[in-house]
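# Close look at the chain arrangement
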Amino acid sequence: MDRAVPPPGELLEIAVDVARAAAATAHRMWAEGVSVAATKSTVTDVVTAADRAVERQVLDALRRLRPHDAVLGEEYGAGDAAPAARVRWILDPIDGTVNYLYGLPCCAVSLAAEVDGEVVAGVVRNVFTGDEWTATAGGGAYRAGERLRCSAETDLGQALVATGFGYDPARRAHQARVLAGLISHVRDVRRQGAASVDLCLAAEGRLDAYYEKGLNLWDHAAGALVGTEAGLLVGGLGGRPAGPDLVIAAPPALFAPLHDRLADLDASGGP
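Quick look at the structure, then. Predicted, not measured: the structure shown is a model, and the values here were computed from it.

### Here's the deal with the sheet that holds strand E4 (residues 87–95)
Strand order across the open sheet formed by seven strands is E3-E4-E5-E6-E7-E8-E9, with mixed pairing between neighbours. A strand with exactly one partner marks an edge of an open sheet, and here the two such strands are strand E3 (70–73) and strand E9 (146–147). Two strands pair when backbone bridges link them, and strand E7 (residues 132–136) and strand E8 (residues 140–143) are joined in this way by four bridges, in the antiparallel orientation. Bridging across to E8, Thr 134 finds its partner in Tyr 142. The strands touched by helix H1 (residues 8–32) are E4, strand E5 (108–115), strand E6 (118–126) and E7; relative to E6, the strand with the most contacts, the crossing angle is about 30°. Sheet strands in contact with helix H6 (residues 217–229) are E3, E4, E5, E6, E7 and E8, and its direction is about 100° off that of E6.

Below, the structure written as structure tokens:
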């Protein structure tokens, strides 16, 4: 294959084809019966056989289509990636594994393409519903052919805000204290259990904003691009980029008040 870097639209086409096939495999394996293959950070932080099978399928597909690219996946890490690769694929094979385990329809295959350190294309595909969100850098965000626009809400007190929790009990306790300090300052709070889907729901205005501590790059790479292209501001605290300390995604009018409230509550602190 050619080592030249394709434009974002071509990378997105690859991502969509690969993610659709991966989501189909995940759905089939769930229908056949899900098994827990291992645990990660705690006994409640599970890895299913499907997580590993889906990631292996995506790795094989990308190596066939783009053999000189790097891949960062949740289950197998960077593998044998060449450090000089300009294109890196960032994969969460099943974001929302616990939802997947229980058959709750909020889990997704998330796949993003990064060029020279910048995410330029991404797709999030819901394993159960088939909902699919896509974006390219500068090209907008879409679901089912419709261009996405984030919420126009300007009052944090009227905002529906989503969040998530880690698996470590001490971290959960800190996150619960943050939530307790936030909930009286917003309309209400939702917890779906899949960061990529939360970001996409915020991108289309079905949520007003989203925040979470403890996310890895594969959790938010594709969803953050969808959100950004739909008009959300996506970042961390104090001007830092979105990362493990905190991810905040909100419309421009809500970002600063949500940011400041989360800073006051030490949302990026704790374990």
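### With respect to unusual backbone geometry
Its identity is not glycine, yet Ala 144 carries a phi of approximately 50°, on the positive side. With respect to the secondary-structure elements, Ala 144 resides in the loop between E8 and E9. Residues other than glycine seldom take positive phi values, yet Asp 266 does so here, at roughly 60°. Within the secondary structure, Asp 266 sits in the segment after helix H7 (252–264). A relative accessible area of 40% places Asp 266 in the partly exposed class.

Criteria and thresholds
Residues numbered from 1 in each chain as written. Predicted model: local features only at pLDDT ≥ 70, side-chain atom pairs only at ≥ 80, totals over all residues. Heavy atoms only, no water. Pairing = 2+ DSSP bridges. Helix = DSSP H or I, 4+ residues; strand = E, 2+ residues; numbered from the N terminus. Contact = heavy atoms within 4.5 Å. Axes fitted to C-alpha atoms, helices over the stretch in contact; angles between N-to-C directions. Buried < 20%, exposed > 50% of the residue type's maximum accessible area, 1.4 Å probe, protein only.

Read these as geometric descriptors, not functional statements.
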